[in-house]
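Read off the chains here:
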Amino acid sequence: GLMTMARLAQIEGSAEGVKKHQATVLVSLKDADISVRRRALDLLFVMCDTDNAERIVDELVAHLALADAAIREEMVLKIAILAEKYATDLRWYVDTILKLISISGDHVSDPIWHRVVQIVTNHPQGDLQGYASATLLVAVSPRRCHETAVRV
């Protein structure tokens, strides 16, 4: 079922039908079988768009803390890609990447945290740099924070 829906989601015009099953796919992330969890992750990645991105990303981040090591690195990468691709608010993007670092810092590769630094430093408008700095200060304030948070 999940593989068929993933193929359907890639066909232009059929994504809406697949999106109706988003809740079921999210439940599949908790399946005992790792292959089912991987297919669910792949399908969520494919079915994500501007309308459902924040919900899917937030659900994936929430599930990341419970995910086993076999799927964490892939989840972190896909969450980072989706957050950047569909971010309508860069504060949400910064918050999402910092959550990834705090939940699963060992799986956040250098290109992921480099990208958030690049986006924040090159953002010309608003107070994104101030927001990111203040948020990061809170993230590194506890006695124990991940090394990646300190690098950012």
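See the structure above.
Owing to the predicted nature of the structure, the values given are computational and were not obtained by experimental measurement. (Residues numbered from 1 in each chain as written. Predicted model: local features only at pLDDT ≥ 70, side-chain atom pairs only at ≥ 80, totals over all residues. Heavy atoms only, no water.)

**Here we look at the overall build of the protein**
Of the regular secondary structure elements, the protein holds ten helices and zero strands. Going residue by residue from the N terminus, the α and β elements of the protein occur as α-α-α-α-α-α-α-α-α-α. By the burial criterion, 41% of the 152 residues in the protein qualify as buried. For the protein, the exposed area adds up to about 8,500 Å²; of that, 53% sits on carbon and sulfur atoms. (Helix = DSSP H or I, 4+ residues; strand = E, 2+ residues; numbered from the N terminus. Buried < 20%, exposed > 50% of the residue type's maximum accessible area, 1.4 Å probe, protein only. Areas by Shrake-Rupley, 256 points an atom, 1.4 Å probe, with all protein chains shown as cover.)

**Thoughts on the packing of helix α5 (residues 53-64) against helix α7 (residues 90-104)**
Running from N to C, α5 and α7 cross one another at 15°; their axes reach a closest spacing of 10 Å. Relative to α7, the element α5 is oriented roughly parallel. Handedness of the crossing formed by α5 with α7: left-handed. Facing Ala53, Glu54, Val57, Asp58, Val61 and Leu64 of α5, the residues of α7 in contact are Trp92, Thr96, Lys99, Leu100, Ile103 and Ser104. (Axes fitted to C-alpha atoms, helices over the stretch in contact; angles between N-to-C directions. Parallel < 35°, antiparallel > 145°, perpendicular 65-115°, else oblique. Left-handed = near helix turned anticlockwise from the far one by under 90°. Contact = heavy atoms within 4.5 Å.)

**What about the packing of α5 against helix α6 (residues 69-86)?**
The contact between α5 and α6 brings their axes to 10 Å, and the two run at 155°. What the angle tells us is that α5 and α6 run roughly antiparallel. Every pair of crossing elements has a handedness; the one defined by α5 and α6 is left-handed. Side by side, α5 and α6 meet where Ala53, Ile56, Val57, Leu60, Val61, His63 and Leu64 of the first sit next to Arg72, Met75, Val76, Ile79, Leu82, Ala83 and Tyr86 of the second. When the residues that make up the contact of α5 with α6 are grouped by side-chain class, the tally is twelve nonpolar, one polar and one charged. (Nonpolar A, V, L, I, M, F, W, Y, C, P; charged D, E, K, R; others polar.)

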